Amino acid sequence: MLEDDPLVCHCLAVRESEVLAAIRGGAVSVESVGGLCEAGTGCSSCHDSIRELLREQAKRDLASSRAPKSLRQLSLFDAVDDGQRRKQAPAGSHKRAENS
């Protein structure tokens, strides 16, 4: 099974699964990965591999966080409950000040 979990950091024998766990745990840079699992804190030859794993996770996170197209098209003034558009934009505080 070690073939399925290659070493990323050879200096400190940190495997890909450990680096991915650090990334899922909140690491967003090579330095923060190193702080969580020590990968990349030796000779720095694995920094490119760590950056690639960070990029791949960021792509997965972005893909899973995208809202359906119909929600992205909602306008600020769309009525959510019945789908009818408002006739006017809501009066802001500057409108209330004029009427006072």
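Residues numbered from 1 in each chain as written. Predicted model: local features only at pLDDT ≥ 70, side-chain atom pairs only at ≥ 80, totals over all residues. Heavy atoms only, no water.

Draft legend 1. Seen up close, the overall build of the chain. Within the chain one finds 5 helices and 2 strands. For the chain, the N- to C-terminal ordering of α and β elements is β-β-α-α-α-α-α. The long-range fraction of contacts in the chain, counting pairs at least 24 apart against all pairs at least 6 apart in sequence, stands at 37%. (Helix = DSSP H or I, 4+ residues; strand = E, 2+ residues; numbered from the N terminus. Contact = heavy atoms within 4.5 Å.)

Draft legend 2. A look at the packing of helix 1 (residues 16-24) against helix 3 (residues 47-65). For the pair helix 1 and helix 3, interaxial distance at closest approach is 10 Å and the crossing angle is 50°. Comparing their axes, helix 3 and helix 1 come out oblique. Two packed elements cross with a definite hand, and for helix 1 against helix 3 that hand is right-handed. Two secondary-structure elements touch here, helix 1 through Glu16, Val19, Leu20, Ile23 and Arg24 and helix 3 through Leu53, Leu54, Gln57 and Arg60. Looking at the contact of helix 1 with helix 3 residue by residue, the classes come out as 5 nonpolar, 1 polar and 3 charged. (Axes fitted to C-alpha atoms, helices over the stretch in contact; angles between N-to-C directions. Parallel < 35°, antiparallel > 145°, perpendicular 65-115°, else oblique. Left-handed = near helix turned anticlockwise from the far one by under 90°. Nonpolar A, V, L, I, M, F, W, Y, C, P; charged D, E, K, R; others polar.)

Draft legend 3. Just the pattern of salt bridges, in detail. Counting across every chain of the model gives 2 salt bridges. Here Asp48 makes a salt bridge to Arg51, at a shortest N to O gap of 3.1 Å. Placement of both Asp48 and Arg51 in helix 3 is noted, with a separation of 3 residues, approximately one turn of the helix. When the shortest N-O distance is used, the salt bridge between Glu52 and Arg55 registers 3.1 Å. Taken together, the positions of Glu52 and Arg55, both in helix 3 and 3 residues apart, correspond to about one turn of that helix. Of the residues examined, Glu52 reaches a relative accessible area of 33% and is grouped as partly exposed. (Salt bridge = Lys/Arg side-chain N within 4 Å of Asp/Glu carboxyl O. Buried < 20%, exposed > 50% of the residue type's maximum accessible area, 1.4 Å probe, protein only.)

Draft legend 4. How the structure looks around unusual backbone geometry. Of note in this structure, Ala13 is not a glycine but carries a positive phi near 55°. Relative to the assigned elements, Ala13 resides in the loop between strand 1 (7-9) and strand 2 (14-15). Residue class for Ala13 comes out partly exposed when judged on its relative accessible area of 47%.

Draft legend 5. Focus on helix 2 (residues 30-37). Buried residues of helix 2: Val30, Val33, Gly34 and Cys37, and no others. Down the axis, helix 2 shows its buried residues gathered within 100° of arc, on one side only. Relative to its buried face, helix 2 has exposed residues pointing more than 90 degrees away, namely Glu31, Gly35 and Leu36. Taken together, the buried residues of helix 2 touch strand 2, helix 1 and helix 3. Phi turns positive one or two residues past the end of helix 2, at Glu38, with a value near 75°. (Arc of directions from axis to C-beta.)

Draft legend 6. Representation of the nonpolar core. Residues Val19, Ile23, Val33, Cys37, Ala39 and Ile50 are the most contacted members of the largest nonpolar core, which totals 16 residues. Secondary structure elements with two or more residues in this core: strand 1, helix 1, helix 2 and helix 3. Examining the composition of this core, we find that 4 residues originate from one element, helix 1, more than from any other. (Core = buried A, V, L, I, M, F, W, Y, C linked by side-chain atoms within 4.5 Å.)

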